[in-house]
Amino acid sequence: MAEYYSDEGSIFVRIGNLTRHSIVVDLSDVQYVDPPLSAEGQRTRIRLGDMLVSITAYLGSVAVASEPVLGAYINQHIALVRVDQTRLDPRFAAYSILGDVGRVQLTGLGYGGTKFSFPWTT
């Protein structure tokens with residue numbers, strides 16, 4: 001999405017917008033994008049209640065999408081997780097990830113030397 005950076009448009013949530021201390025997206029440093037309408041753009045577009053989880057570098061930084069980031073996009077260092085909100089509150093799941101047990105489990109799944117990442121499979 002870097003080729004779609006813009007001075008205005010939709011918010012582009014990057015790994016630096018996630019913290020290890022809160023489940024709120026940090027909007028103190030915002031980048032904007034104006035991507036074309038495509039399947040990839042729609043797949044990475046944020047909906048209310050989506051969990052945003054860092055999958056490289058700072059594994060387990062997490063946020064839950066609220067009104068200020070609706071319609072924003074994520075970059076490749078963030079997993080967009082949509083839970084069935086009738087069965088699980090995404091805020092509960094996010095706080096579980098931020099806790100000591102969640103952090104230990106996530107970092108145990110990571111691999112890499114200088115830059116940790118998750119081994120995703122499809």
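Residues numbered from 1 in each chain as written. Predicted model: local features only at pLDDT ≥ 70, side-chain atom pairs only at ≥ 80, totals over all residues. Heavy atoms only, no water.

Draft legend 1. Structural context of the overall build of the chain. The number of helices and strands found in the chain is three helices and seven strands. Secondary structure elements of the chain occur, N-terminal to C-terminal, as β-β-β-α-β-β-β-β-α-α. Within the chain, contacts between residues separated by at least 24 positions form 68% of all contacts whose residues are at least 6 apart in sequence. As displayed, the chain has an accessible area near 7,500 Å², and 54% of this comes from carbon and sulfur atoms. (Helix = DSSP H or I, 4+ residues; strand = E, 2+ residues; numbered from the N terminus. Contact = heavy atoms within 4.5 Å. Areas by Shrake-Rupley, 256 points an atom, 1.4 Å probe, with all protein chains shown as cover.)

Draft legend 2. Region of interest: the sheet that holds strand β1 (residues 5-6). Strand order in this open sheet of four strands is β1-β3-β2-β6, and the pairing throughout is mixed. Looking along the sheet, the strands with just one partner apiece sit at the ends: β1 and β6 (73-74). Pairing between strand β2 (residues 10-13) and β6: two bridges, direction parallel. Opposite F12, over in β6, you have Y73 as the bridge partner. (Pairing = 2+ DSSP bridges.)

Draft legend 3. The arrangement of the nonpolar core in detail. Residues I11, V13, L18, V25, I46, L52, A63, A65, V69, A72, I74 and I78 constitute the largest nonpolar core, which totals 12 residues. Discounting residues that sit within four places of it in the chain, A65 has contacts with I46, R47, L48, G49 and D50. (Core = buried A, V, L, I, M, F, W, Y, C linked by side-chain atoms within 4.5 Å. Buried < 20%, exposed > 50% of the residue type's maximum accessible area, 1.4 Å probe, protein only.)

Draft legend 4. Up close: the pattern of salt bridges. Inspection of every chain in the model, using the stated rule, returns three salt bridges. With a shortest N-O distance of 3.6 Å, D29 and R14 are connected by a salt bridge. With D29 in the loop between β2 and β3 (31-33) and R14 in the loop between β2 and β3, this pair connects stretches of sequence that are 15 residues apart. The salt bridge involving D89 is made with R91; its shortest N-O contact spans 2.6 Å. For D89, a relative accessible area of 31% corresponds to the partly exposed category. (Salt bridge = Lys/Arg side-chain N within 4 Å of Asp/Glu carboxyl O.)

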